[in-house]
Amino acid sequence: MVSTLIAVIAGIVTFWAVLYALFGRKEIDPETGEPVEKEEGLSVDFFIAMWRTKRLLGFIDRLSRINVRFWKVYADVGIALGFFGMGYVFYALFKTAMKTIQTGGKESGVQLVIPGLTIPLWYGLVGLAVVMIVHELSHGVVARAERLPLKSVGLVLLAVIPGAFVEPDEEKLKKASLKSRLRVYGAGSLANIITAIITALILTYAVTPLLVPNGILISDVVPNSPAYGVLHKGDVIVAINGQPIKTMEQFIAYMNKTKPGERITLTIIRDGEKMNLPLTLGKYPGKPEKGYIGIYPEQHVTSKIGHDWLILPLFFSLYWIYVLNLGIGLMNLFPLVPLDGGRMLDDVIKEFLPENIARPVRYLTIGVGLFLLALNIWPALMNLAG
């Protein structure tokens, strides 16, 4: 796993070196001789690529003018959600950070979102695309409802993390009232939470009722375990010793009755073909009296009405849209600049506290935020490195 991680890092560095060599040159202001950011098109810096366009600004303008009063009320809800979510995320990460310290780094409060590595590739990309679109569109519409000009919209790639952005005129934003700024900042996460709620309702009442549990999916195999070399990632267990296994509860109940050294026959489906595989159980870690296969099991489902090719991708796409909008929407409210929650808190501190007090408070907030984030991310990084 470590060698794979090194290869991935080397590939990323090579990609950015080539991209910078091709597109890294900046336009020079003929009057000052200083480099300037492109107003449109692709600009590349070290591990940051941004593509800007003005083509969608008209659409955002028209959307913001449909009902300006609605967007202001909507944004006020975003302010309330922003401060509530800020407190909730801070408390949750503080609680998990304490567990990380107590367990020696085994408890992770933040999961890395890397399509193809930590989340499914295509479903993850679909979910992230929805997260970025609704988040940035919400920022832009509220900014225009507040009569704040936008310079461009676009896409960004930060190392390996894709994103989207709506770029307001920062000078005008800084001069706007505190309430206007808070409305713009809070609007993004509000859109993500609303999207998560709508998606959850669709999943609960429209899609999930069409599914039925139908076996245990092997999401991965534990190295050097009894299953290693026998079972494969993607296999589906449908029976043990001839007894049908459809739900996770049935699988757990059966395995709780097994003993180490016991020989069982697993009926699995692999690439559409059913086969029987004998396997000798090992000792379950921490419970040596129980039998152990050595897999990471997940509930496998199929459609009640057939058309699995359509129903299952729809279900998993909606599931990841829900998970990523909820998780990223809340995480964006963590009180650490440049996250929206950090910008909200930072502006409030500067507005209501004198400079000699505001400055140390801001530095303290940044320091505590970075410390908590590091404690929560470290276990996830270690898990990724194997």
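Every value quoted in this text rests on a predicted model; they were computed, and no experiment measured them. (Residues numbered from 1 in each chain as written. Predicted model: local features only at pLDDT ≥ 70, side-chain atom pairs only at ≥ 80, totals over all residues. Heavy atoms only, no water.)

Right, let's get into the sheet that holds strand S4 (residues 48-53). Neighbouring strands of a sheet are bound in pairs by backbone hydrogen bonds; such pairs are parallel or else antiparallel. Here four strands make up an open sheet; going across it, the order is S3-S4-S5-S6 and the pairing antiparallel. Only two strands of the sheet have a single partner each, and these edge strands are strand S3 (41-45) and strand S6 (161-168). Across the sheet, the axes of successive neighbouring strands diverge by a mean angle of 20°, strand direction being ignored. In this structure, S4 lies alongside strand S5 (residues 150-158), joined through six bridges in antiparallel fashion. In the strand pairing of S5, Trp51 is matched with Leu155. (Pairing = 2+ DSSP bridges. Helix = DSSP H or I, 4+ residues; strand = E, 2+ residues; numbered from the N terminus. Axes fitted to C-alpha atoms, helices over the stretch in contact; angles between N-to-C directions.)

Now for the side chain of Asn192. Within the secondary structure, Asn192 is located in helix H6 (residues 178-207). If near-sequence neighbours (up to four positions away) are discounted, Asn192 is found in contact with Val131, Val134, His135, Asn325 and Gly329. (Contact = heavy atoms within 4.5 Å.)

Relative to the assigned elements, Gly272 resides in the loop between strand S10 (263-270) and strand S11 (273-280). For the pair formed by Gly272 and Tyr322, sequence separation is 50 residues and the distance between their alpha carbons is 29 Å.

Okay, the packing of H6 against helix H9 (residues 340-352) next. Closest axis-to-axis distance for the H6/H9 pair is 9 Å, and the angle between their directions is 170°. The angle between H6 and H9 places the two elements in the roughly antiparallel class. Both H6 and H9 take part in a crossing whose hand is left-handed. Side by side, H6 and H9 meet where Leu178, Arg181, Leu182, Tyr185 and Gly186 of the first sit next to Asp340, Arg343, Met344, Asp347, Val348, Glu351 and Phe352 of the second. (Parallel < 35°, antiparallel > 145°, perpendicular 65-115°, else oblique. Left-handed = near helix turned anticlockwise from the far one by under 90°.)

Counted according to the given criterion, the structure contains 10 aromatic pairs. Both rings, one in Phe70 and one in Trp71, keep their centres 5.0 Å apart while their planes meet at 70°; by these two values the pair is edge-to-face. Taking relative accessible area as the criterion, Trp71 reaches 16% and is therefore assigned buried. When the ring of Tyr319 is compared with that of Trp320, the centres are 5.4 Å apart and the planes differ by 85°; the resulting orientation is edge-to-face. Among the aromatic residues, those joined into a cluster by ring pairs are Tyr123, Phe315, Phe316, Tyr319 and Trp320. One cation-aromatic arrangement involves Lys290 over Tyr284; the distance from NZ or CZ to the ring centre is 4.6 Å. (Phe/Tyr/Trp six-rings, centres within 6.5 Å; stacked < 30°, edge-to-face > 60°. Buried < 20%, exposed > 50% of the residue type's maximum accessible area, 1.4 Å probe, protein only. Lys NZ or Arg CZ within 6 Å of the ring centre and 35° of its normal.)

The next thing to look at is the environment of Leu155. Summarising the element assignment, Leu155 is placed in strand S5. The exposure class assigned to Leu155 is partly exposed, which follows from its relative accessible area of 48%. Separated by 95 residues in the primary sequence, Leu155 and Gln250 have C-alpha atoms spaced 46 Å apart. Ignoring anything within four residues of it in the chain, the contact list for Leu155 reads Ala49, Met50, Trp51, Gly163, Ala164 and Phe165.

In this section: the pattern of salt bridges. Counting across every chain of the model gives 12 salt bridges. Between Asp61 and Arg144 there is a salt bridge, with its nearest N and O atoms 2.4 Å apart. With Asp61 in helix H2 (residues 57-65) and Arg144 in helix H4 (residues 121-145), this residue pair connects regions lying 83 residues apart in the sequence. For Arg144, a relative accessible area of 25% puts it in the partly exposed group. A single salt-bridge network, built from bridges that share partners, covers Lys72, Asp76, Glu146 and Arg183. (Salt bridge = Lys/Arg side-chain N within 4 Å of Asp/Glu carboxyl O.)

For soluble globular proteins, the rule of thumb is that nonpolar side chains tend to be buried together. Counting residues in each nonpolar core, the largest one holds 26 residues, and the members touching the most others are Ile60, Tyr74, Val142, Leu148, Leu150, Leu182 and Met344. Those elements that provide at least two residues to this core are H2, helix H3 (68-102), H4, S5, H6 and H9. Counting residues per element, this core draws most heavily on H6, at seven residues. Setting aside chain neighbours within four positions, we find Leu150 in contact with Leu57, Ile60, Gly140, Ala143, Arg144, Val166, Glu167 and Pro168. Phe251, Ile264, Leu266 and Ile268 belong to the second-largest nonpolar core, a separate cluster that totals 20 residues. (Core = buried A, V, L, I, M, F, W, Y, C linked by side-chain atoms within 4.5 Å.)

Shape descriptors only; they carry no functional weight alone.
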